[in-house]
Amino acid sequence: MRPPAWPRSPTREAVNPLREFVRGAAGQLAAAGVASPEPDAIELAAHVLGTDAREVRRALVVGMPLPPGFAERFGDLVEERARRIPLQHLTGRAYFRRLTLAVGPGVFIPRPETEIVAGLAIEAAQAAGVAEPIVVDLCTGSGAIALAVADELPTAQVYAVEVSDLAHAWARRNLETLALAVELRLGDATTAFDELVGLVDVVVSNPPYIPVGQVPVDAEVAQHDPHLALFGGSGDGLAIPRAIVSRAATLLRPGGVLVMEHADTQGAALLRTLGGSGLWLDPEDHRDLTARPRAIRARRADARGAAGPGAG
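Residues numbered from 1 in each chain as written. Predicted model: local features only at pLDDT ≥ 70, side-chain atom pairs only at ≥ 80, totals over all residues. Heavy atoms only, no water.

1. A look at the side chain of Q266
At step 1: Topologically, Q266 is positioned in the loop between β7 (252-261) and α11 (267-277).
At step 2: Engagement of the side chain of Q266 in a polar contact is seen with the backbone oxygen of D236, the distance being 3.0 Å. (Helix = DSSP H or I, 4+ residues; strand = E, 2+ residues; numbered from the N terminus. Polar contact = N/O pair within 3.5 Å; in protein donor to acceptor, adjacent residues only side chain to side chain.)

Here's what the structure looks like:
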């Protein structure tokens, strides 16, 4: 049975029916605990109308004729979103930097904070001092980071690996749709790319890092994101991130750069791991747009504990 909600038909005297639909939907989503009710309502309207959020926002001011069946389809989607089904599962798309990615059940939905991680990797590749920097994305998921690197730095040689066959299928779909130059593989990030050992300029990763046993706060994450992409394999969530650090140390050339996302409480522990190994120089933690610690960055030392050529 459908929950009590806003009317599926605007009032007869409504000058802008779309505005009334979006306003009512936003109220229903807010009551259901959705964190961004108005943007989500606008995105759902854009999906039904076959346009984008910018056009819907314009139509909220100047009006727009609504196609037959809009009310029913929009209302059904709003009710699904109110049940905390992820917005991106309903629309089939997620936005990441300059890209629109296909996503759905079985793949981790890329988050805005990860755009910062991709940006750090792109900056490191640009500063590598070589014409065709080699960039490796470990735990690629939907392919978001690898594809962003290939999009914004076309001269890079980009490699990506994902262990989940479902997520790998989504990454393959995005790779084929966007027609970007990424070599994508299905496999274990902690053993991948033996042929690149000692040659890589940048390793970037958004690995699973939620502590085992911890229940994610957001219902969308807890109920719909694949657990393989969430949990870091230990009580502190750092078993898999530390394994990624170890693989990065093997893959990177001296002076090569590691960029890795982490939870906002894990930065200090990871910096201790990097600083105590003798394999890394200048480890530092970077904050995201909400000022939370989000990504470590460090340079690979050579056998003497110094950075190699092209470091920066």
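That shown, we press on.
2. Thoughts on the pattern of salt bridges
At step 1: Applying the stated criterion across every chain yields a total of 14 salt bridges.
At step 2: E195 is the salt-bridge partner of R185, the closest N and O atoms lying 2.4 Å from each other. One end of the pair, R185, is in strand β5 (residues 182-186); the other, E195, is in the loop between β5 and β6 (200-205), and 10 residues separate them in sequence.
At step 3: D194 is the salt-bridge partner of R247, the closest N and O atoms lying 2.7 Å from each other. One end of the pair, R247, is in helix α10 (residues 239-251); the other, D194, is in the loop between β5 and β6, and 53 residues separate them in sequence.
At step 4: Here D194 falls in the exposed class, since its relative accessible area comes to 55%.
At step 5: One salt-bridge network, in which partners are shared between bridges, spans E183, R185 and E195. (Salt bridge = Lys/Arg side-chain N within 4 Å of Asp/Glu carboxyl O. Buried < 20%, exposed > 50% of the residue type's maximum accessible area, 1.4 Å probe, protein only.)

3. As for the sheet that holds strand β3 (residues 134-138)
At step 1: Strand order in the open sheet formed by seven strands is β5-β4-β3-β6-β7-β9-β8, with mixed pairing between adjacent strands. Strands at the two margins of the open sheet, each flanked by one partner only, are β5 and β8 (280-287). With strand direction ignored, the average angle separating the axes of adjacent strands in the sheet is 15°.
At step 2: Pairing between β6 and β7: five bridges, direction parallel. Looking across to β7, one finds that V204 is bridged to V259.
At step 3: Across the face of the sheet, α11 comes into contact with β7, β8 and β9 (293-300) while running at roughly 170° to β8. (Pairing = 2+ DSSP bridges. Axes fitted to C-alpha atoms, helices over the stretch in contact; angles between N-to-C directions. Contact = heavy atoms within 4.5 Å.)

4. Some remarks on α10
Note: α-helices contain 3.6 residues per turn, so residues at a spacing of three or four share the same orientation.
At step 1: Here α10 is 13 residues long and its end C-alpha atoms lie 19 Å apart, about the 18 Å a rise of 1.5 Å per residue gives.
At step 2: When α10 is considered as a whole, its buried residues turn out to be P241, I244, V245, R247, A248, A249 and L251. (Expected span 1.5 Å × (residues − 1).)

5. Notes on the pairing of β8
At step 1: Bridge count between β8 and β9: six bridges; the pairing is antiparallel. Directly across from W280, in β9, lies its bridge partner R300.

6. Considerations on unusual backbone geometry
At step 1: Here R84, not a glycine, exhibits a phi torsion of approximately 70°, which is positive.
At step 2: Within the secondary structure, R84 sits in the loop between α4 (70-82) and α5 (87-91).
At step 3: A relative accessible area of 17% places R84 in the buried class.
At step 4: The phi dihedral of F193 falls on the positive side, at around 65°, and the residue is not glycine.
At step 5: Inspection of the secondary structure assignment puts F193 in the loop between β5 and β6.

7. Some details on the packing of aromatic side chains
At step 1: This structure, assessed with the given rule, holds four aromatic pairs.
At step 2: A centroid spacing of 5.4 Å and a plane angle of 65° characterise the contact between F21 and F70, whose relative ring orientation is edge-to-face. With a gap of 49 residues between them, F21 in helix α1 (residues 17-31) and F70 in helix α4 connect regions that are remote in the sequence. Residue F21 shares its accessibility class with F70, and that shared class is buried. (Phe/Tyr/Trp six-rings, centres within 6.5 Å; stacked < 30°, edge-to-face > 60°.)

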